[in-house]
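# Tertiary structure, described
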Amino acid sequence: MDRELSAMRRIKHKAFTIIELLVVLVIIGIFSAIAYPNVSSWIADREVRKEVYDVVNLINERKSEVMNGKYGMVQIRLRPGVEIYNMSQDDFFNTYKNISADHKFKTKKICDYQWRGREMSTFVRDRAAEMSLSVNSKESKVHVWPHTEAVMCITKEGIIKFSSSFSGEKNLSEQDPNSGERIEYFIFCSKTNTTQKTCKRNIRKDYQYKITWNRIINQIKVYKYRKDHEWVLIDG
């Protein structure tokens, strides 16, 4: 009799342990169902944000090198593959010295592509400092826009205007809501909810960032797109 009661107690104890386990599993399942979308969203946003700041840091490093006299001008081509071209101080001086006084490069402080025309041919490409984004990199988590490129020319006087004398190409620009000045920009989208073709300025998607530069005050800003269809300044 005592043995039978002891066996029954062990069975009840085991049954209670199984029920406890099932309750824990249910709780874990509910928690996972609630938390997973938030965690996934956080990861996607963090991945895009990281690449945005990788580009911003690269720009700021180049600006610092120009201000410290290492280069006379640096041209950064923002595209799926970010390209860097450096011009020495002597080449920068001689390049602009040899351009006629009434040329737009001087009168309007403009730069051109490094490989188009005689004027900008003294740029030297710095492949070691370059980055791969979007379709050019399997590791990259972003798509970018414009799909062609945005070009930034950095000098001690600031970021001078880009304009191609060959094709007439210019950077995309918009009006700064605070200063009213024209600013140029470059967009980052997440690969989780866009393609390279669908990544654009106002597609109303999560995890979208924008960097802008104001040539007049030589300032880089970072914006994030919110669900209320508004770009919000987060840095700069």
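All figures in this text were calculated on a predicted structure; none of them were measured in a lab.

## Examining unusual backbone geometry
At the junction of tryptophan 145 and proline 146, the peptide bond is cis and its omega measures out at 10 degrees in the coordinates. Even without glycine at this site, arginine 204 takes up a positive phi of about 60 degrees. Non-glycine residue tyrosine 207 carries a positive phi angle of around 65 degrees. Its location among the elements puts tyrosine 207 in the loop between β10 (182-190) and β11 (209-214).

## A short note on a nonpolar patch on the surface
A surface patch of nonpolar side chains, about 400 Å² in accessible area, is lined by Ile18, Leu21, Leu22 and Leu25. Summarising the element assignment, leucine 22 is placed in helix α1 (residues 2-67). Judged by relative accessible area, leucine 22 falls into the partly exposed class, the value being 49%.

## A few points about the state of the cysteines
Under the counting rule described, the total for this entry stands at one disulfide. In this model cysteine 189 forms its disulfide with cysteine 199; the gap between the sulfur atoms is 2.1 Å. Negative torsions about the S-S bond denote left-handed disulfides, and the value of about 80 degrees found for cysteine 189 with cysteine 199 makes this one right-handed. Separated by ten residues along the polypeptide, cysteine 189 in strand β10 and cysteine 199 in the loop between β10 and β11 bring together distant segments of the chain.

## Focus on the pairing of strand β12 (residues 219-225)
Within β12, six of the seven residues are buried, which leaves the element mostly enclosed by the surrounding structure. In the sheet, β11 pairs with β12 via six bridges, with the strands oriented antiparallel. Note that in β12 the partner of tyrosine 209 across the bridge is lysine 224. Where β12 lies against strand β13 (residues 231-235), four bridges are found, and the strand directions are antiparallel. Directly across from tyrosine 223, in β13, lies its bridge partner leucine 233. Linking two consecutive strands that pair antiparallel, namely β12 and β13, is a turn of five residues; a positive phi of about 65 degrees is found at histidine 229 within it.

## Observations regarding the pattern of salt bridges
Applying the stated rule across the entire model yields 14 salt bridges. When the shortest N-O distance is used, the salt bridge between glutamate 149 and arginine 79 registers 3.8 Å. Residue glutamate 149 is located in the loop between β6 (142-145) and β7 (150-155), and its partner arginine 79 is located in the loop between β1 (73-78) and β2 (81-87); the two are separated by 70 residues in the primary sequence. Take arginine 79: its relative accessible area is 24%, and that puts it in the partly exposed class. Between arginine 201 and glutamate 174 there is a salt bridge, and its shortest N-O distance comes to 2.6 Å. Here arginine 201, found in the loop between β10 and β11, pairs with glutamate 174, found in strand β9 (residues 173-175); they are 27 residues apart in sequence, far enough to count as distant. Owing to a relative accessible area of 10%, glutamate 174 belongs among the buried residues under this scheme. One connected set of salt bridges, linked through shared partners, spans Arg77, Arg79, Glu83, Arg125, Glu130 and Glu149.

Conventions we followed
Residues numbered from 1 in each chain as written. Predicted model: local features only at pLDDT ≥ 70, side-chain atom pairs only at ≥ 80, totals over all residues. Heavy atoms only, no water. Helix = DSSP H or I, 4+ residues; strand = E, 2+ residues; numbered from the N terminus. Patch = residues over 30% accessible without salt bridge, like charges linked within 9 Å, V, L, I, M, F, W, Y side chains within 5 Å. Areas by Shrake-Rupley, 256 points an atom, 1.4 Å probe, with all protein chains shown as cover. Salt bridge = Lys/Arg side-chain N within 4 Å of Asp/Glu carboxyl O. Buried < 20%, exposed > 50% of the residue type's maximum accessible area, 1.4 Å probe, protein only. Disulfide = S-S within 2.5 Å. Pairing = 2+ DSSP bridges.

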